[in-house]
Amino acid sequence: HEIGCDIEITGIESDHNGTPIKNTGMPGYGIQISDSNNANVHDNILHDNASGPIGLIWQQNHSGISGMTCVSPAPKNDTDTSNVLENNTIANNRAYSCASGAVTGMEYGKGELLKSRGNGFEGNAYHVPDATGTWWSDPGPVTWSAWQGFGLDTSGTSAAPCTYSTPPTCGKWQAST
């Protein structure tokens, strides 16, 4: 989702995304929220995506910002991203970060922590290749303990290795799975 307000993404299965976007060489996420506010992303299954399960992307000088009604104060011009990527909630997703270099979190930005802009990750269940790797990003690669230390996914779980005994299925899931 790019440059928008008040969206909800729930109950989907997103897998095998990764075709580079617009011939840039930048592979895709399972779910990508770019310069948007007030997104509620919950109860999804995300696996086998090249860049990782979920990315919150803050693109400096992104055009098309002036029409966003949920930005306060209002943008000064069409490329004013100073008040975007705020108040997004990522919760209760089952995420498999199995690809080499796949991460969850923010890939680009001005170096601010996600939590400082009112963004939250809670109750997500991650499956990663190894327990000590840097499978999260805020604003650069961090470990699970650092991710939680930033106040993200304090009620979430991380398990290694990144395998699943049966293929994920679309729809809601129970926390015990």
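Residues numbered from 1 in each chain as written. Predicted model: local features only at pLDDT ≥ 70, side-chain atom pairs only at ≥ 80, totals over all residues. Heavy atoms only, no water.

Participant: Tell me what's going on with the packing of aromatic side chains, and back it up with residues and numbers.
Facilitator: Within the structure shown, the criterion is met by four aromatic pairs. Plain terms: the ring middles of Tyr-126 and Trp-136 are 5.6 Å apart, the flat faces sit at 85° to each other, and that makes the pair edge-to-face. Here Tyr-126 is found in strand β11 (residues 125-127), whereas its partner Trp-136 is found in strand β12 (residues 136-137), with ten residues between them in sequence. For the pair Tyr-126 and Trp-136, a shared accessibility class is recorded, and that class is buried. Note on Trp-136 and Trp-144: the rings are 5.0 Å apart at their centroids and 50° apart in plane angle, and the pair reads as tilted. For Trp-136, a relative accessible area of 0% corresponds to the buried category. Three or more aromatic residues joined by ring pairs form one cluster here, namely Tyr-126, Trp-136 and Trp-144. (Phe/Tyr/Trp six-rings, centres within 6.5 Å; stacked < 30°, edge-to-face > 60°. Helix = DSSP H or I, 4+ residues; strand = E, 2+ residues; numbered from the N terminus. Buried < 20%, exposed > 50% of the residue type's maximum accessible area, 1.4 Å probe, protein only.)

Participant: Outline the sheet that holds strand β10 (residues 120-122), listing residues and values.
Facilitator: The four strands lie next to each other as β1-β4-β7-β10, forming an open sheet whose pairing is parallel. Looking along the sheet, the strands with just one partner apiece sit at the ends: β1 (8-10) and β10. Between one strand axis and the next, the sheet turns by 10° as a mean value, whatever way the strands run. Note that β1 and strand β4 (residues 40-42) share three bridges and pair parallel. Its bridge partner being in β4, Thr-10 is matched across the sheet by His-42. (Pairing = 2+ DSSP bridges. Axes fitted to C-alpha atoms, helices over the stretch in contact; angles between N-to-C directions.)

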